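Structural overview for review
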Amino acid sequence: MVEETSLLYEGKAKKMYNTDDPDLLIEYFKDDATAFNGKKHAVIDEKGALNKAITVKVFQWLEECGVPTHFVEEYSGREIVVKRLKMIPVEVVVRNVVAGSLAKRLGLKKGEKLPRPIIEFYYKSDELDDPMINEDHIEVFGWADRETINKIKEMALKVNECLREKFDKAGILLVDFKLEFGFDKDGNLVLGDEFTPDGSRLWDKETGEVLDKDRFRHDLGDLIEGYEKILMKISRV
Ligand code: ADP
Ligand code: TMP
Ligand code: ASP
């Protein structure tokens, strides 16, 4: 088992620790909830533990589907061991159903199913409020080359295919989600960061109940109750 050494980075929802193995990090899931790039903030007991458990389950599903992820093993109730990646500073959003900023920006009705998935890119920058960018921005400003962008799109769609089916079996509609990718020490493109209801929209398939962080963003109900329902449902698949 690896040993946690020093803090590498503290973000809004997680901490990353160095370990005694230079190729491995420990990812710690905090209880902090933020929205609108940190403008709204709360500390919610048990959120970190639930996010850790949900991420582990989803990354295990993804490995089954042949998507390489940074997940190595569980470490504690709110920590996992991951491969150290050189992160690409781009948030990759995949959408199956109209919601959130897509509904707002284009004046579309929330809940409408899209005829095919939409991929969007955002530049990861808190100061700039994560502005939307396109493939040319990514290439021209050197965040990733053309071949990598194509691989990211291919992997994002594979993640979507895999998770749509798994969540459907769990009785959950996968509305949209955000991914982050990076390169491992051998130069392989790998899915990093997390898959949690902080960075995805998950609705109960039967009732339409919102189970994700929109409960916190828009005061729709108790966050923990939603996250517990997600964990209970996905644990059965
Ligand atoms: P933020 O920086 O958006 O506030 P978090 O609180 O989620 O985000 O912090 C986690 C940070 O760790 C993010 O910046 C993310 O890009 C980075 N990260 C995720 N997985 C890895 C990894 N395997 N190796 C290195 N960095 C990672
Ligand atoms: P959006 O509709 O607000 O653009 O969000 C799309 C998806 O991306 C949603 O599942 C939430 C997730 N997301 C993040 O993970 N981080 C962010 O900073 C934003 C804005 C969205
Ligand atoms: N992830 C961003 C934040 O933590 C925005 C959001 O999720 O709404 O503020």
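The structure we're discussing is the one just above.
The structure contained in this document is the topic of the report that follows.

Conventions used here
- Residues numbered from 1 in each chain as written.
- Chains lettered and ligands numbered in written order.
- Predicted model: local features only at pLDDT ≥ 70, side-chain atom pairs only at ≥ 80, totals over all residues.
- Heavy atoms only, no water.
- Helix = DSSP H or I, 4+ residues; strand = E, 2+ residues; numbered from the N terminus.
- Near = heavy atom within 4 Å.
- Polar contact = N/O pair within 3.5 Å; in protein donor to acceptor, adjacent residues only side chain to side chain.
- Areas by Shrake-Rupley, 256 points an atom, 1.4 Å probe, with all protein chains shown as cover.
- Nonpolar A, V, L, I, M, F, W, Y, C, P; charged D, E, K, R; others polar.
- Core = buried A, V, L, I, M, F, W, Y, C linked by side-chain atoms within 4.5 Å.
- Buried < 20%, exposed > 50% of the residue type's maximum accessible area, 1.4 Å probe, protein only.
- Contact = heavy atoms within 4.5 Å.
- Phe/Tyr/Trp six-rings, centres within 6.5 Å; stacked < 30°, edge-to-face > 60°.
- Lys NZ or Arg CZ within 6 Å of the ring centre and 35° of its normal.
- Expected span 1.5 Å × (residues − 1).
- Pairing = 2+ DSSP bridges.

This next bit is on unusual backbone geometry. A negative phi holds for most residues other than glycine; trans holds for most peptide bonds. Phi is positive for F36, which is not a glycine, with a value near 55°. Inspection of the secondary structure assignment puts F36 in the loop between strand 4 (32-35) and strand 5 (40-43). Of note, D193 is a non-glycine position whose phi angle comes to about 60°, a positive value.

Our focus in this paragraph is the site of ligand 3. Lining the immediate surroundings of ligand 3 are K12, T34, A35, F36, N37, G38, K213 and R217. A35 places a polar main-chain atom, nitrogen or oxygen, 3.5 Å from an oxygen atom of ligand 3. Residue N37 places a main-chain N or O atom 2.7 Å away from an oxygen atom belonging to ligand 3. Coverage of ligand 3 by the protein chains reaches 74% of its 270 Å² of free accessible surface. Split by residue class, the shell around ligand 3 holds 2 nonpolar, 3 polar and 3 charged.

Attention now goes to the nonpolar core. Ranked by size, the top nonpolar core spans 42 residues in total, and within it L62, L163, F167, L179, F181 and F195 carry the most contacts. Contributions of two or more residues to this core are made by strand 3 (24-29), helix 1 (47-64), strand 7 (79-83), strand 9 (90-97), helix 4 (146-169), strand 12 (172-179), strand 14 (189-191) and helix 6 (223-235). With 8 residues, the single largest contributor to this core is helix 4. Not counting chain neighbours up to four residues away, the residues in contact with L179 comprise V90, E91, V92, A156, V159, L191 and F195. By size, the runner-up hydrophobic cluster in this structure holds 8 residues, among which are A33, A35, F216 and I224.

To continue, consider the packing of aromatic side chains. All told, the structure shown has 6 aromatic pairs when counted by the stated rule. For the pair Y17 and Y28, a centre-to-centre distance of 6.5 Å together with 80° between the ring planes defines the contact as edge-to-face. Here Y28 lies in strand 3 and Y17 lies in strand 2 (residues 14-19), a separation of 11 residues in the sequence. When the ring of Y123 is compared with that of W143, the centres are 4.2 Å apart and the planes differ by 15°; the resulting orientation is stacked. Remark: W143 occurs in the loop between helix 3 (135-140) and helix 4 and Y123 occurs in strand 10 (residues 113-123); sequence separation between them is 20 residues. Above the ring of Y28, the side-chain terminus of K15 is found at 5.2 Å from the ring centroid. The positively charged end of K40 is found above the aromatic ring belonging to F216, 5.0 Å away from the centroid.

In the vicinity of ligand 1, 16 residues are found, and the nearest of them are Y9, K12, A13, K14 and E180. K14 has a polar side-chain atom sitting 2.5 Å from an oxygen atom of ligand 1. If you list the elements that add at least two residues to the shell around ligand 1, you get strand 2 and strand 7.

On to helix 1. In this model, helix 1 (18 residues) spans 26 Å end to end at C-alpha, consistent with the 26 Å of a helix rising 1.5 Å per residue. Counting buried positions over the 18 residues of helix 1 gives 13, a clear majority of the element. One or two positions beyond helix 1, positive phi appears at G66, with a value near 85°.

Along strand 7, 4 of the 5 residues are buried, which leaves the element largely enclosed by surrounding structure. Sheet topology places strand 3 next to strand 7; 5 bridges connect them, and they run antiparallel. Residue Y28 lies in a different strand from strand 7, and its bridge partner there is E79. When strand 6 (residues 71-76) meets strand 7, the two strands line up antiparallel, connected through 4 bridges. The partner of E73 across the bridge, within strand 7, is V81.

These figures capture arrangement, not role.
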